[in-house]
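Here is how the chains run, residue by residue.
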Amino acid sequence: MSLELERENRLIQLRAKLNERKIKLWEPPYLTQEHQPVETELQTLADQLGPELGIATELCKEGLKVLQRNALEKLQSKDEFQKTGIATVRIRAPTQTGSNREFDMKVKITDTGNELCELIAQRLSLDARKIKLVCSGRVINAVKSLQEQKMTNGATVMALVMSHTEEEAKRECSTYDRVQKIRTEAETLVNDKDSSDLLSIEDQSGNAIFLPKEEKKSLVMALTLYEKGKAAIAAGKYEEALLLLLEADHDFRYCNSQLLNVVDNYALLNLDVVWCYLTLKNLNQLPDAEQRLKVCELKFQQSYGKNMQRVAAIRGEQSGEKTLLVRLHLLKAILYFHQNKRDDARTMFQVVETELQKLRIDDDALSRLMECGYEMKEARIALRACANDVEASIEFIHNQRQTREVNEKRAERERKLYRTIDYDVSSGEFQRLKLELVDQLMEMGYPEELAGLALKKSGNDINGALNELVTNREGLQHELLHTVSVQPALLDKLVALGFDVQVAKVALKLTANDYDRATNYLLANVTQGVYSDALRNALVAMERKRSRSESGTSAPAPSSDSPQPSSSSGKRPGSAVSPCSSSHSTTADMEKRRRKELLDILFTSFSQDIRTSADAHLDLSFEEETNLLQQYKKLLGMD
């Protein structure tokens, strides 16, 4: 147990006892008129309170002196602030050894965050660019005044040191700059239509969730920063993690969707922020920590249901989300302790101990599962869910994999269908297509893309969709000429069979890149170099749409003088496209491919440490939780 924590425990008890008896150490008889401590009175008080609290007399007297000194300093700083406007703020700078450097700093509240940062950097003999400040759960803005940011006399400020050596500082930019770089990269990826699934948003059943574009951008930005923060936690970089989590919190607050009430990401973020406070030994951020745990508990209830009923209904009684409650309850117990709610703390620590016992993993069972080829993370989650029953755990893993696979395939199918029919999921008019209705139409012989388009137009009315398919099938197919992007490999295969490039493109667009259907379409519509009326109409429609998209204006209808493929002339469709147009199209395709390659490189670099499995947050070793439980139980005399 740390000496710092033992000292804090004594001060908590003494402070509460003094408040209970309305004893003011900054007034006589404990202080002279010259503001000097009266040793005899302090000794008498220590002799009285020490046995009551179970604290050695000398340690009790030492604690009383600390509290007396703190009270005098607060009174002095308050008086100075009222007279001069100069505030005294408490600076706590976490170190790599887990302790805190603490000192007071005088500052004008009209100063900017950057000016305070410079003062702290001078005191710590550090480069100010390495330091970020956090107060009341917010990152201090460098250019705004402290007064604008609601910092006042007596505030406690965390000074997070981002890089500890000159070499590290040279090797990487500051964390703030890295966060801005992450934000810029995420915006680039999110804004690119093909990469909007950077972080797929799913409900607890694994189904894709579609949101208006601007809201999705805010949510994805928050989730991205949060994932980066979790990666920093896993790497033990708690200072950087806290900064990233608070940045993510800022973005979450811009999300207006009711979605935040039914997903657990925001709850988990608040839980991780408080965990960072604890790890950095800054639970003196109590008001913010307490509020965040309340938000976390409320969001858990909204997402999982009271006593986990909702998540049990979705995932079964074997849900792994119970592991999250252990950390929540542990942090609540620790907060109770630091608020001197010792009875509440004891009760909650007992709850945590019971939960840890229930979730304890049998080492032999874990070894058996790993011998069967399962990964440790997967095996631990399963064993906790199945009370260390190996056979049940194997079945649990297989069921989880199967469910995940089914949901992933369904979500990917849905996204692919929306891309194929150009269904704007970010519009305010978006209505999710019912895939079961798509399946019904496919059983009637209609291709998936046409069934999707018809349901899109009818607003999921299957009778309206059937009518659309019967009366306007050619019109639906021509829409695909505009929305479907041809796959180059399939195009090359059709050209290798002897078909013209433009004709092959039409076939692939009309069949949504189904090679077999495209081949059959061409065989049915091309006879000895002569094209059917339907194919000629499709070629004209595709050329018109291409010209319109390039010029930004409506292309005129082709005149009778325009070269057109016809059944009488037998002209190849290539004659209807000028060499200039073909060259322009090729250049556009090359530019599109180049952009996609650059985005792929950016995506790979950007996402290398955030592509975690959906259940990664449920795999806690509980080693840290167990150690903390034992420390605080000892402080409360629960052993």
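Residues numbered from 1 in each chain as written. Predicted model: local features only at pLDDT ≥ 70, side-chain atom pairs only at ≥ 80, totals over all residues. Heavy atoms only, no water.

1. Overview of the overall build of the chain
Counting its secondary structure elements, the chain contains 26 helices and seven strands. In the chain, of all internal contacts separated by at least 6 residues, the share reaching a separation of at least 24 is 63%. Just so you have it, the chain exposes about 33000 Å², and 48% of that area is on carbon and sulfur atoms. (Helix = DSSP H or I, 4+ residues; strand = E, 2+ residues; numbered from the N terminus. Contact = heavy atoms within 4.5 Å. Areas by Shrake-Rupley, 256 points an atom, 1.4 Å probe, with all protein chains shown as cover.)

2. Thoughts on the packing of helix 16 (residues 390-420) against helix 17 (residues 435-443)
Axis separation between helix 16 and helix 17 bottoms out at 12 Å; the angle between their running directions is 75°. Taken together, the axis directions place helix 16 and helix 17 in an arrangement best described as roughly perpendicular. Facing Arg410, Arg413, Glu414 and Leu417 of helix 16, the residues of helix 17 in contact are Leu435, Glu436, Val438, Asp439 and Met442. Across the contact of helix 16 with helix 17, the residue classes tally to four nonpolar, no polar and five charged. (Axes fitted to C-alpha atoms, helices over the stretch in contact; angles between N-to-C directions. Parallel < 35°, antiparallel > 145°, perpendicular 65-115°, else oblique. Nonpolar A, V, L, I, M, F, W, Y, C, P; charged D, E, K, R; others polar.)

3. Overview of helix 7 (residues 213-234)
Over its 22 residues, helix 7 runs 31 Å from end to end, which matches the ideal 32 Å to within 8%, given 1.5 Å per residue. Of all 22 residues in helix 7, 16 are buried, a share of seventy percent or more. One or two positions beyond helix 7, positive phi appears at Gly236, with a value near 80°. (Expected span 1.5 Å × (residues − 1). Buried < 20%, exposed > 50% of the residue type's maximum accessible area, 1.4 Å probe, protein only.)

4. Observations regarding the packing of helix 18 (residues 448-458) against helix 20 (residues 473-483)
Where helix 18 contacts helix 20, the axes come no closer than 10 Å and their chain directions differ by 105°. Regarding the angle of helix 18 to helix 20, the classification is roughly perpendicular. Between helix 18 and helix 20, the contacting residues are Glu449, Leu450, Leu453, Ala454 and Lys457 on the first element and Arg473, Leu476, Gln477, Glu479 and Leu480 on the second. Looking at side-chain class alone, the contact of helix 18 with helix 20 contains five nonpolar, one polar and four charged residues.

5. Comments concerning the sheet that holds strand 3 (residues 131-135)
One open sheet accounts for five strands, arranged 2-1-5-3-4; its pairing is mixed. Bordering the open sheet on either side are strand 2 (100-108) and strand 4 (138-139), each of which pairs with just one other strand. Note: strand 1 (residues 86-94) against strand 2, nine bridges, orientation antiparallel. Residue pairing across strands places Ala93 opposite Arg101, the latter belonging to strand 2. Here helix 3 (residues 57-84) sits on the sheet in contact with strand 1 and strand 2, set at roughly 130° to strand 1. With respect to the sheet, helix 8 (residues 238-252) is in contact with strand 1, strand 3, strand 4 and strand 5 (156-161), its orientation differing from that of strand 5 by roughly 115°. (Pairing = 2+ DSSP bridges.)

6. Examining the confidence of the model for the chain
On average, residues of the chain score 81 in pLDDT, and 76% of them are at 70 or above. The element-level mean pLDDT for the chain is lowest in helix 5 (residues 166-171), coming to 46, with helix 2 (residues 39-53) highest at 95. Here residues 193-198 is modelled with pLDDT under 50, and outside its nearest four sequence neighbours on either side it reaches 16 contacts, counting other chains as well. In the predicted structure, residues 313-318 sits below a pLDDT of 50 and forms 12 contacts with residues beyond four places in sequence or in another chain. (pLDDT = per-residue confidence, 0-100.)

7. Considerations on unusual backbone geometry
Of the consecutive residues Pro28 and Pro29, the connecting peptide bond is found in the cis state with omega at 10°. You can see Pro29 is positioned in the loop between helix 1 (3-20) and helix 2. Even without glycine at this site, Asn340 takes up a positive phi of about 60°. Assessed through its relative accessible area of 24%, Asn340 is described here as partly exposed.

8. With respect to the nonpolar core
Nonpolar side chains in soluble globular proteins generally cluster together in the buried interior. Counting residues in hydrophobic clusters, the biggest one holds 82 residues, and the most contacted among them are Leu242, Leu269, Phe300, Phe349 and Tyr632. For this core, the leading source of residues is helix 9 (residues 265-279), giving 11 residues. In terms of domain composition, this core takes at least three residues from each of domain 2 (85-165) and domain 3 (173-179 + 188-280). Membership of the second largest hydrophobic core comes to 25 residues, among which are Leu435, Ala454, Leu455 and Leu480. (Core = buried A, V, L, I, M, F, W, Y, C linked by side-chain atoms within 4.5 Å. Domains from an automatic or database assignment.)

9. Looking at the environment of Leu330
Mapped onto the fold, Leu330 is located in helix 12 (residues 322-338). Residue classification places Leu330 among the buried positions, given a relative accessible area of 0%. Taking the C-alpha atoms as reference, Leu330 lies 7.2 Å from Met348; in sequence the two are 18 residues apart. When near neighbours in sequence (up to four residues on either side) are disregarded, Leu330 contacts Trp275, Phe349, Val352, Glu625, Leu628 and Leu629.

10. Side note on the pattern of salt bridges
Applying the stated criterion across every chain, the model contains 30 salt bridges. Across the pair Glu52 and Lys17 runs a salt bridge whose closest N-O atoms are separated by 3.9 Å. Taken together, the positions of Glu52 in helix 2 and Lys17 in helix 1 put the pair 35 residues apart, joining distant regions of the chain. What makes Glu52 partly exposed here is its relative accessible area of 40%. (Salt bridge = Lys/Arg side-chain N within 4 Å of Asp/Glu carboxyl O.)

11. Focus on the packing of aromatic side chains
Following the criterion strictly, the structure yields four aromatic pairs and no others. Here the aromatic rings of Phe252 and Tyr266 are separated by 5.2 Å at their centres, their planes lie at 55°, and the arrangement is tilted. Highlighted residues: Phe252 in helix 8 and Tyr266 in helix 9, separated in sequence by 14 residues. On the basis of relative accessible area, Phe252 is assigned to the buried category, the value being 1%. Ring plane angle 80° and centroid distance 5.0 Å describe the contact between Phe337 and Tyr632, whose orientation is recorded as edge-to-face. Within this pair, whereas Phe337 is found in helix 12, its partner Tyr632 is found in helix 26 (residues 623-635), the two being separated by 295 residues in sequence. Taken together through their ring pairs, the aromatic side chains of Phe337, Phe349 and Tyr632 make up a single cluster. Over the face of the ring belonging to Tyr226 we find Lys230, whose NZ or CZ atom lies 4.8 Å from the ring centre. (Phe/Tyr/Trp six-rings, centres within 6.5 Å; stacked < 30°, edge-to-face > 60°. Lys NZ or Arg CZ within 6 Å of the ring centre and 35° of its normal.)

12. Re the pairing of strand 3
Here is the key point about a regular strand: its side chains alternate between the two faces of the sheet. Taken across its five residues, strand 3 has five buried, putting it largely inside the fold. Of the two faces of strand 3, the one lined by Ile131, Leu133 and Cys135 and the one lined by Lys132 and Val134 are each fully buried. Two strands pair when backbone bridges link them, and strand 3 and strand 5 are joined in this way by four bridges, in the antiparallel orientation. Counterpart to Lys132 in the pairing with strand 5 is Leu160. Bridge count for strand 3 against strand 4 is two bridges, and the pairing is antiparallel. Bridge assignment links Cys135 to a residue of strand 4, and that residue is Arg138. What sits between the antiparallel neighbours strand 3 and strand 4 is a turn of two residues, in which Ser136 has the positive phi angle 50°.

13. Digging into helix 2
For helix 2, which comprises 15 residues, the first-to-last C-alpha distance of 20 Å matches the rise-based estimate of 21 Å (1.5 Å per residue) to within 8%. Along helix 2, the residues that are buried comprise Leu42, Leu45, Ala46, Leu49, Gly50 and Leu53. Next to the buried residues of helix 2 lie helix 1 and helix 3. Just beyond helix 2, the residue with positive phi is Gly54, at close to 75°.

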